[in-house]
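Inside the fold
Given next are the chains, with one letter for each unit.
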Amino acid sequence: METAPKPGRDVPPKKDKLQTKRKKPRRYWEEETVPTRDGASPGPPCNKKNRELRPQRRKNAHILKKSRISKKPQVPKKPREWKNPESQRSLSGAQDPFPGPAPVSVEVVQKFCRIDKSRKLPRSKAKTRSRLEVAEAEEEETSIKAARSELLLAEEPGFLEGEDGEDTAKICQADIVEAVDIASAAKHFDLNLRQFGPYRLNYSRTGRHLAFGGRRGHVAALDWVTKKLMCEINVMEAVRDIRFLHSEALLAVAQNRWLHIYDNQGIELHCIRRCDRVTRLEFLPFHFLLATASETGFLTYLDVSVGKIVAALNARAGRLDVMSQNPYNAVIHLGHSNGTVSLWSPAMKEPLAKILCHRGGVRAVAVDSTGTYMATSGLDHQLKIFDLRGTYQPLSTRTLPHGAGHLAFSQRGLLVAGMGDVVNIWAGQGKASPPSLEQPYLTHRLSGPVHGLQFCPFEDVLGVGHSGGITSMLVPGAGEPNFDGLESNPYRSRKQRQEWEVKALLEKVPAELICLDPRALAKVDVISLEQGKKERIERLGYDPEAKSPFQPKPKQKGRSSTASLVKRKRKVMDEEHRVDEYWDGLGLPQATPSCLCLCPCQPATSHCPCVLPLSGPQDKVRQSLQQQQQQQQQQQQHKEVKAKSTGARPSALDRFVH
């Protein structure tokens, strides 16, 4: 065996780590010194002579230093030249003829402004007014920045115009496909699937994936842009509706008996037997709720994030086969056979509102993306547009020859109606305006009766499911041209989708917050606050928030006489009285009102036509407050009567009290 040689005989000893260290660079004021045995060069001498003998260098002098990496000396850097700021405005040195930021039109800024400057607090304090001015200035600056960033939105909505008064409804799909570019023409296609029809279809939130299910059990999902098939199965059971969940990775299928959940590979993940005989599905993306309408008349909310049923509401209107959601406030609209449309929230067991829309049964319901308009069609062959901003009155009505069995709104406010094998599309003046029902925008005839309609998000494409398969139509001006890459990105990767899911779960909105007016969540419920305060007083036996009467502190040197104490008390009472007058000037009531006025321009009066009396717990709170005031007045009168009966002598200090 070979043995390792011992250090000290034939092998030279290893150098110490300190010896292998690189030498420190010599400074220009240091003298060359001979290295010591240890290999370390001594530092510069610290005596006073060496300090005085240091050479003085000029300010602009440059010393050539040796580089640690290469032996070549470093190139001296050029001194920084201070240029005139005016010459930096352009490469040629000419002055900018348009100095300052580019102007922004007032109309564009007004579109992004969210503060109503016409409404101001009357007689507000200086501190409050300064804060309001700062908030308004920040809001104005934010709106200007948003208006400037609108230039980055390069895409513009499409449109279709006829030549010399030509009716656009006479333009067929073949003419549109021939006129557009190759990429847009590829979005028009037909899937011939007569063997398993009729079909229901649904697009994902990003608008990239399409899922459809046939009445005879055929279920498929694909990337319709690249025509790449994700999964295709046959459930051997009737499929009544199909919906994507929060992403394209999960799919909800309403089969003949129960509700099933599949992934994007066609593997069954869940079978929810509490949701049986489902006819329609709707998914609320911001609440992670899957709403189901069944033949038994129940509206069920399923939380897909935890797998629990949030609410099961009995509509008491028979079979439910007409359902739609309001994208603005997540309220579910149900159409019934008696001609009414009811609005539902999982927080209430009764409908939020009921609207009488038709003289016959309701066949279809659709709500636009802004939550302002609702379109309904009934057995009376009428198509109506309703205003959902509190009035619930029909804005326009049109009688159709066969009636519309399916309705859908696009992101830009276009309305489509399926009538047998014909599809009619109506357009309005813009996104926030209702569609005009006088003349159709486009018309197309299919190979079979329509069974499902939906516009593709962020695309000018309308998907139609019928008895012959699936048809993808080109509808110029239907989709939003620009998308939010952080919210709905059609080009996101798998990692980006996973990160978005985590963020969406963290920002999940509770189901209890679904209401007709989401802006009411930011208001203070004064009535409930007073009622809770009253219950707390009854439970404790005293008011913990009651302000104790003012007791002046005793002072020395004769300043604690009775007259001075009364003066100090009187001064505090005057200050409190001025504070009450100030709040009265702001228009804030000091007691609970007995009626509620809906006029924003004037206070509530008894002769106001829009005064609504308060009832229920609000009325009880008002009565209890009145009773407390009456009891205090009776106690004070009782004390005065008792003082007179005892024959108490009047005091000279009474003039300070009265």
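Residues numbered from 1 in each chain as written. Predicted model: local features only at pLDDT ≥ 70, side-chain atom pairs only at ≥ 80, totals over all residues. Heavy atoms only, no water.

**Here we look at the overall build of the chain**
In plain terms, the rule: To qualify as a helix, a DSSP run of H or I must reach at least 4 residues; to qualify as a strand, a run of E must reach at least 2; elements of each kind are numbered from the N terminus. Throughout, exposure labels follow a simple rule: accessible area from a 1.4 Å probe, protein chains only, divided by the maximum for the residue type, with under 20% read as buried, over 50% as exposed, and the rest as partly exposed. Each accessible area is a Shrake-Rupley estimate made with a 1.4 Å probe; only the visible protein chains count as cover when residues are assessed.
A count of helices and strands for the chain gives ten helices and 30 strands. Looking at the chain as a whole, 34% of its 658 residues qualify as buried. Counting every atom, the chain has about 44700 Å² of accessible surface; 52% of that belongs to carbon and sulfur.

**Comments concerning the pattern of salt bridges**
Heads up, the condition is: One side-chain nitrogen of Lys or Arg within 4 Å of one carboxyl oxygen of Asp or Glu is enough to make a salt bridge.
The tally for this structure, following the rule as stated, stands at 20 salt bridges. A salt bridge links Glu-487 to Arg-205; its shortest N-O distance comes to 3.4 Å. Taken together, the residues Glu-487 in the loop between β28 (469–474) and α6 (494–506) and Arg-205 in the loop between β2 (199–203) and β3 (209–214) connect sequence positions 282 residues apart. A relative accessible area of 27% places Arg-205 in the partly exposed class. With a closest N to O distance of 4.0 Å, Arg-412 and Glu-480 form a salt bridge. Within this pair, whereas Arg-412 is found in the loop between β22 (406–409) and β23 (415–419), its partner Glu-480 is found in the loop between β28 and α6, the two being separated by 68 residues in sequence. For Arg-412, a relative accessible area of 23% gives the class partly exposed. Within the structure, one salt-bridge network assembled from shared partners comprises Arg-200, Asp-241, Arg-243 and Glu-282.

**Here's the deal with the sheet that holds β28**
For clarity, the cut-off: DSSP bridges decide pairing: two strands pair if at least two such bridges lie between them. Here, axes are lines fitted to C-alpha atoms. For helices the fit covers the stretch in contact, and angles between N-to-C directions go from 0 to 180 degrees.
If you trace the four strands from one edge of the open sheet to the other, you get β1-β28-β27-β26, paired in antiparallel fashion. Since the sheet does not close on itself, it has two edges, and those belong to β1 (189–192) and β26 (450–455), each with one partner. Each strand of the sheet is rotated relative to its neighbour by a mean of 15 degrees, with strand direction disregarded. Both strand β27 (residues 461–466) and β28 contribute to a ladder of six bridges, which runs antiparallel. Paired with Leu-462 across the bridge in β28 is Met-473.

**Section: the packing of aromatic side chains**
Which entries qualify depends on this criterion: Pairing of aromatic side chains requires ring centres within 6.5 Å, counting the rings of Phe and Tyr and the six-membered ring of Trp. Pairs whose planes differ by under 30 degrees are stacked, by over 60 edge-to-face, and all others tilted. Here, over-ring charges are defined by two tests on the NZ atom of lysine or the CZ atom of arginine: distance to the ring centre within 6 Å, and angle to the ring normal within 35 degrees.
Applying the stated rule across the entire model yields four aromatic pairs. Centroid distance Phe-483 to Tyr-491: 6.0 Å. Interplanar angle 55 degrees. Geometry classified as tilted. Judged by relative accessible area, Tyr-491 falls into the exposed class, the value being 60%. Members of the aromatic cluster, each reached through a chain of ring pairs, are Phe-458, Phe-483 and Tyr-491. The ring of Trp-258 carries Arg-273 above its face, with NZ or CZ at 4.4 Å from the centroid.

**Here we look at a negative patch on the surface**
Put simply, the rule is: Patch membership requires more than 30% relative accessible area and the absence of a salt bridge. Residues of like charge join within 9 Å; the nonpolar side chains Val, Leu, Ile, Met, Phe, Trp and Tyr join within 5 Å. Positive: Lys, Arg. Negative: Asp, Glu. His and the chain ends are not part of the count. For this purpose, a charge sits on NZ of Lys, CZ of Arg, CG of Asp or CD of Glu.
A contiguous patch of negative charge, built from Glu-163, Asp-164, Glu-166, Asp-175 and Glu-178, is present on the exposed surface. Inspection of the secondary structure assignment puts Glu-178 in helix α4 (residues 173–179).

**A closer look at the sheet that holds strand β25 (residues 442–445)**
Taken together, the four strands give an open sheet; going across it, the order is β22-β23-β24-β25, and neighbouring strands pair in antiparallel fashion. This sheet does not close on itself; its edge strands, each paired only once, are β22 and β25. Neighbour to neighbour, the strand axes of the sheet diverge by 15 degrees on average, direction disregarded. Bridging between strand β24 (residues 422–426) and β25 involves four bridges; their strand directions are antiparallel. The partner of Val-422 across the bridge, within β25, is Arg-445.

**Things to note about the side chain of Glu-139**
Put simply, the rule is: Contacts: residue pairs with any heavy atoms within 4.5 Å of one another.
One can find Glu-139 in helix α3 (residues 126–149). Aside from chain neighbours lying at most four places away, what touches Glu-139 is Phe-112, Cys-113, Arg-114 and Ile-115.

**With respect to the environment of Val-422**
Here Val-422 lies in strand β24. Along the backbone, Val-422 and Gly-448 are 26 residues apart, and their C-alpha atoms lie at a distance of 8.8 Å. Once you skip the residues sitting within four places of it in the chain, Val-422 turns out to touch Ala-417, Thr-443, His-444, Arg-445 and Val-450.

**Structural notes on α3**
Definition in use: The span one expects for a helix is its residue count, reduced by one, times 1.5 Å.
With 24 residues, α3 should reach 34 Å at 1.5 Å per residue; the first-to-last C-alpha distance of 35 Å fits that figure. Among the residues making up α3, those that are buried are Glu-139, Ser-143 and Ala-147. Buried-residue contacts for α3 involve α2 (106–112).

**A few points about the environment of His-444**
Positionally, His-444 belongs in strand β25. Excluding residues that lie within four positions of it along the chain, His-444 makes contacts with Gln-173, Asp-421, Val-422, Val-423 and Met-473.

**Observations concerning the nonpolar core**
The criterion, for reference: For the purposes of this section, nonpolar cores are sets of buried Ala, Val, Leu, Ile, Met, Phe, Trp, Tyr and Cys residues that join through side-chain atoms within 4.5 Å.
Counting residues in each nonpolar core, the largest one holds 32 residues, and the members touching the most others are Val-423, Ile-425, Leu-462 and Val-475. Among the secondary structure elements, those contributing two or more residues to this core are β2, β3, β4 (218–223), β24, β26, β27 and β28. Among the nonpolar cores identified, the runner-up in size contains 29 residues, and Tyr-301, Ala-315, Ala-330 and Val-367 belong to it.

**A closer look at a nonpolar patch on the surface**
The grouping of Val-524, Val-526 and Leu-529 at the surface amounts to a nonpolar patch, some 310 Å² of accessible area in total. With respect to the helices and strands, Val-526 occurs in helix α7 (residues 526–540). Among the residues examined, Val-526 registers a relative accessible area of 45% and is labelled partly exposed.

**Focus on α6**
Let me state the cut-off plainly: Regarding the arc, it is the one traced by the directions from the helix axis to the C-beta atoms.
The terminal C-alpha atoms of α6 lie 19 Å apart, and with 13 residues this matches the ideal 18 Å at 1.5 Å per residue to within 8%. Considered for burial, the residues of α6 that qualify are Arg-497, Trp-500, Glu-501 and Ala-504. In a view along the axis of α6, the buried residues occupy a sector of 105 degrees, so they form one face of it. Opposite the buried face of α6, at more than 90 degrees from it, the exposed residues are Lys-495, Val-502 and Leu-506.

**Quick notes on the pairing of strand β20 (residues 382–387)**
For β20, the tally of buried residues reaches six of six residues, placing the bulk of the element in the interior. Of the two faces of β20, the one carrying Gln-382, Lys-384 and Phe-386 and the one carrying Leu-383, Ile-385 and Asp-387 are both buried. Taken together, strand β19 (residues 373–378) and the strand that follows it, β20, pair antiparallel across an intervening segment of three residues, in which His-381 is found at a positive phi of about 65 degrees. Note that β20 and strand β21 (residues 394–399) share five bridges and pair antiparallel. Looking at the pairing, Leu-383 lines up with Arg-398 of β21. Count of turn residues in the β20/β21 antiparallel hairpin: six residues, of which Gly-390 carries a positive phi of about 100 degrees.

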